[in-house]
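Here is how the chains run, residue by residue.
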Amino acid sequence: MTEPITDFLGLVALTVVPYALCSLGIMITGRTGIFNIAGEGIMMVGASAGFLGAYATGNPIVGVIAGLAASALYSLLLPYFSETLRINQFIIGTCLFVFGMGLADLIYKSAVGLQTTAAQVPTLPKIPVPGLDQIPIVSALFNQNVIVYFSYVITAVLFFLLFKTRLGLSIRAVGENPKAADVVGINVTRTRYTATIVGGALMGIAGAYFPLEITGTYMPLITGGRGFIAVGLTIFASWKPERILAGSFLFAGVEALAYKLQIVNTGIPYEFLSMLPFITVLVLMLAFYKRAEYPAAIGSPYSRE
Amino acid sequence: MKTASNAKLDLYWSIAKPYILAVLVAFGIIALIILILGYNPLQAFSTIIFVPFGSVYGIMETIKKFIPLLLTGFAFAVPLKARIFNIGGWGQMLAGAIASIVTALALENAGLPSAVFVPLLLLTGVIGGILWAAIPALFVAFFRINEVVSTIMMNFIGVYFVKFITAAQPWTEPFAGNPTTRPIPSNATLVLFGVGPYAELIVGAVAMSVIYVLMNKTVIGYEIKATGANLKAARVFGINAKLTLFLSLIIGGMFAGLSGAVEVIGVHYRLIEGFEQTGGATYASLGILVALACNGDPVGLPIAAFLMAALLIGGGAMQQTMGVPVEIIFIAEVTVVLVILILRKVRMGHII
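From a predicted model like this one, the values you see are computed outputs, not experimental measurements.

Asker: Just to check I follow, could you spell out unusual backbone geometry for this structure?
Answerer: Across residues other than glycine, the phi torsion is negative in most instances, and most of the peptide bonds are trans. Each neighbour pair has its own omega, and for Gln-169 of chain B with Pro-170 of chain B the value is 0°, a cis peptide bond. Locating Pro-170 of chain B in the fold gives a position in the loop between α6 (147-167) and α7 (196-217). In this structure, Trp-239 of chain A takes a positive phi of about 60° despite not being glycine. Here Trp-239 of chain A is to be found in the loop between α10 (226-236) and α11 (241-264).

In structure tokens form, the structure reads like this:
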């Protein structure tokens, strides 16, 4: 009788990755005081580069690394404009979102060219974790591709890093009170650049995951708004890694549910089911508005003056 | 010694300089990309410049792109003056389109004269835009919930709403190739002398005048600017800041909603899924770039929108005749905006 539950949970775990990795990327960037709302565009760059990496080598892992590298490099533009040139973070974020969508399609088109059938790459194989994949129901979480496990692990790593290490303390200090951090000798600008690149790398993995997860193909708008859901998710997860993972399971659950309901034909038009994740964000934002916290220095560039 | 006219020229030059520089830098970068991709940049640029203005057809097509860019540009620019980031122009445009097509098809046999029907449909478009902006406006004004996220969520809800309307009875045209509604009756079409773009220009002119008067001659326009300039000071001077933030987003939604209605009754005469996409982007996201390029200035915005419309037409032609991907245009536009931003060093400080 556990078969349908295991099946559903398996789908949820597969869907968790982009939400979790993109939100963690926004979180680690935001913790240093830079609000990265361009996740959707950065993920698209990762998706395009990730596809091409796998397309050129036939190896999906190379694809993931290509996506990671491309997005990390691309996200470097954000601190350059917001810190070094001191231009409003939301304006630059919006530009990088729009720019990323165009850039991703351009790279894909110029490398693959126009074809009648979509170009195909090998997808990430499932690697069951020995032992854990034998437990009923829970096994669904441990019979997945390697990026799913990576999402679990990186959540734990970031939690440990942020709250149990000296480095984590410096990162949070930069996001809460950059002036004080500067006084005690932390390089604010370098911390912000590094965090944005690390965050961009996580978004790149999330982006590359889209073509390499199931379909093996790239298409425009493949990220489907999840980069923006991740912004909302990060806010009401109060920029905490463990809450982000929990929230990602919630959104993956909503998405998987909408998908399953379409198959069983409930009479509800599928378009309304597809709206569910977006409506969920609005409802949660309203429910959590009083508790929504931000790193205190988010949004403002730092200078000694 | 400088003469008076020289001083005036200097002033114009200082205003125009960043824009000219931005365009030159952007074209330089684009030329480089086109070269790397193995095409001839000179041929590409001559296509971009001549096609949009070289024929009546080209000019008409440019106008068709100009109006939605103008209106969605205003949809971003007005809230921006209150420091509200309305990324939801896309959804508000879709809502306006849905409202007007549903009304047009509901009243298709009512026999209304065009002089009543067309303004009514434009008005329903505006109302659709207001409704779509209302939730994020309430959220940001009264609960301080970040409007960037909420407006974007409304966008995606709108996208699926359009998918629904174009595929469901009684609106759908079942045997059309792509999802679309039935056409609107002829008394609902926005045309002048048998041509859509002329009528669109009138809508655009009215919108421009409304924006100009609103922002420069009315209390609410003053309050929006004051609230954006300094929220605390505005409160001290007795401005109801919450209401002002709310209204700024609602006014933005009105213009985006209007643009949706214009597309339905003035360009396509039906609701087609994906009508809001152009050259790989949505009109609304390009409208944001337009508004950013001119810092939301009501006089500069039409110029920026028109140039962007010409670029879109030229870029489309470039893709057709030379095979250069149209996304290059897209990248050119963002580059122009970024260069202008750098040159102007926009500093808006802390925003949440």
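Let's pick the thread back up.
Asker: I tried to follow a positive patch on the surface on my own but got confused; where do I start?
Answerer: Side chains of Arg-144, Lys-232, Arg-235 and Lys-242 of chain B sit close together on the surface and give a patch of like positive charge. Considering the arrangement of structural elements, one finds Arg-144 of chain B in the loop between α5 (114-143) and α6.

Asker: How should I be thinking about the interface of chain B and chain A in this particular structure?
Answerer: The accessible area lost on association of the parts is a frequent measure of interface size. Counting from both sides, the interface comprises 46 residues of chain B and, opposite them, 48 residues of chain A. Summing both sides of the interface, chain B and chain A together bury roughly 4,300 Å²; the carbon and sulfur share of this comes to 82%. At the surface where chain B touches chain A, the tally comes to one salt bridge. Salt-bridge contacts for Lys-109 of chain A lead to Glu-327 of chain B; the nearest nitrogen and oxygen are separated by 3.1 Å. Viewed at the interface, chain A and chain B are joined by two residue pairs in polar contact (both at pLDDT 80 or more). Going through the elements one at a time, α5, α6, α11 (283-293) and α13 (327-344) of chain B are the ones with two or more residues in the side of chain B that touches chain A.

Asker: For this particular structure, what's the right way to read the packing of aromatic side chains?
Answerer: Centre-to-centre distance and the angle between the planes together describe a pair of aromatic rings. Taken as a whole and assessed by the stated rule, the structure comprises 32 aromatic pairs over all chains. Note on Tyr-80 of chain A and Phe-81 of chain A: the rings are 5.6 Å apart at their centroids and 80° apart in plane angle, and the pair reads as edge-to-face. For Phe-81 of chain A, a relative accessible area of 6% corresponds to the buried category. Centroid distance Phe-90 of chain A to Phe-85 of chain B: 5.4 Å. Interplanar angle 90°. Geometry classified as edge-to-face. Taken together, the residues span two chains, with Phe-90 of chain A in helix α5 (residues 89-112) and Phe-85 of chain B in the loop between α3 (56-81) and α4 (89-106). There is no split in this pair, since Phe-90 of chain A and Phe-85 of chain B are both buried. Every member of this aromatic cluster is reached through a ring pair, and the members are Phe-35, Phe-90, Trp-239 and Tyr-294 of chain A together with Phe-76 and Phe-85 of chain B.

Asker: Can you walk me through a nonpolar patch on the surface in this structure?
Answerer: A cluster of nonpolar side chains, contributed by Leu-9, Leu-11, Tyr-12, Ile-15 and Tyr-19 of chain B, occupies part of the molecular surface with about 510 Å² of accessible area. By the element assignment, Leu-9 of chain B lies in helix α1 (residues 4-36).

Asker: Help me understand the packing of α10 of chain A against helix α12 (residues 270-287) of chain A in this model?
Answerer: Residues and elements named next belong to chain A. Taken N-terminus to C-terminus, the directions of α10 and α12 make an angle of 25°; their axes are 10 Å apart at the nearest point. By the angle between their axes, α10 is roughly parallel relative to α12. Relative to α12, the crossing made by α10 is left-handed. Residues Ile-229, Gly-232 and Phe-236 of α10 form the contact with α12, whose participating residues are Pro-277, Phe-278, Val-281, Leu-284 and Met-285.

Asker: Before we go on, may I ask you to explain the pattern of salt bridges in this structure?
Answerer: Pairs may arise between side chains of opposite charge once their charged atoms sit close together. As enumerated under the stated definition, the model contains seven salt bridges over all chains in all. Asp-7 of chain A is paired through a salt bridge with Lys-260 of chain A; the nearest N and O atoms lie 3.1 Å apart. With Asp-7 of chain A in helix α1 (residues 3-30) and Lys-260 of chain A in helix α11, the pair connects residues that are 253 residues apart, well separated along the chain. Across the pair Lys-64 of chain B and Glu-61 of chain B runs a salt bridge, and its minimum N-O distance is 3.3 Å. With a gap of three residues between them, Lys-64 of chain B and Glu-61 of chain B both fall in helix α3, about one helical turn apart. Looking at Glu-61 of chain B, the relative accessible area reads 19%, which means it is buried.

How each quantity is defined
- Residues numbered from 1 in each chain as written.
- Chains lettered and ligands numbered in written order.
- Predicted model: local features only at pLDDT ≥ 70, side-chain atom pairs only at ≥ 80, totals over all residues.
- Heavy atoms only, no water.
- Helix = DSSP H or I, 4+ residues; strand = E, 2+ residues; numbered from the N terminus.
- Patch = residues over 30% accessible without salt bridge, like charges linked within 9 Å, V, L, I, M, F, W, Y side chains within 5 Å.
- Areas by Shrake-Rupley, 256 points an atom, 1.4 Å probe, with all protein chains shown as cover.
- Salt bridge = Lys/Arg side-chain N within 4 Å of Asp/Glu carboxyl O.
- Lys, Arg positive; Asp, Glu negative; His and termini not counted.
- Charge placed at Lys NZ, Arg CZ, Asp CG, Glu CD.
- Contact = heavy atoms within 4.5 Å.
- Buried area = accessible area lost by both parts, 1.4 Å probe.
- Polar contact = N/O pair within 3.5 Å; in protein donor to acceptor, adjacent residues only side chain to side chain.
- Phe/Tyr/Trp six-rings, centres within 6.5 Å; stacked < 30°, edge-to-face > 60°.
- Buried < 20%, exposed > 50% of the residue type's maximum accessible area, 1.4 Å probe, protein only.
- Axes fitted to C-alpha atoms, helices over the stretch in contact; angles between N-to-C directions.
- Parallel < 35°, antiparallel > 145°, perpendicular 65-115°, else oblique.
- Left-handed = near helix turned anticlockwise from the far one by under 90°.

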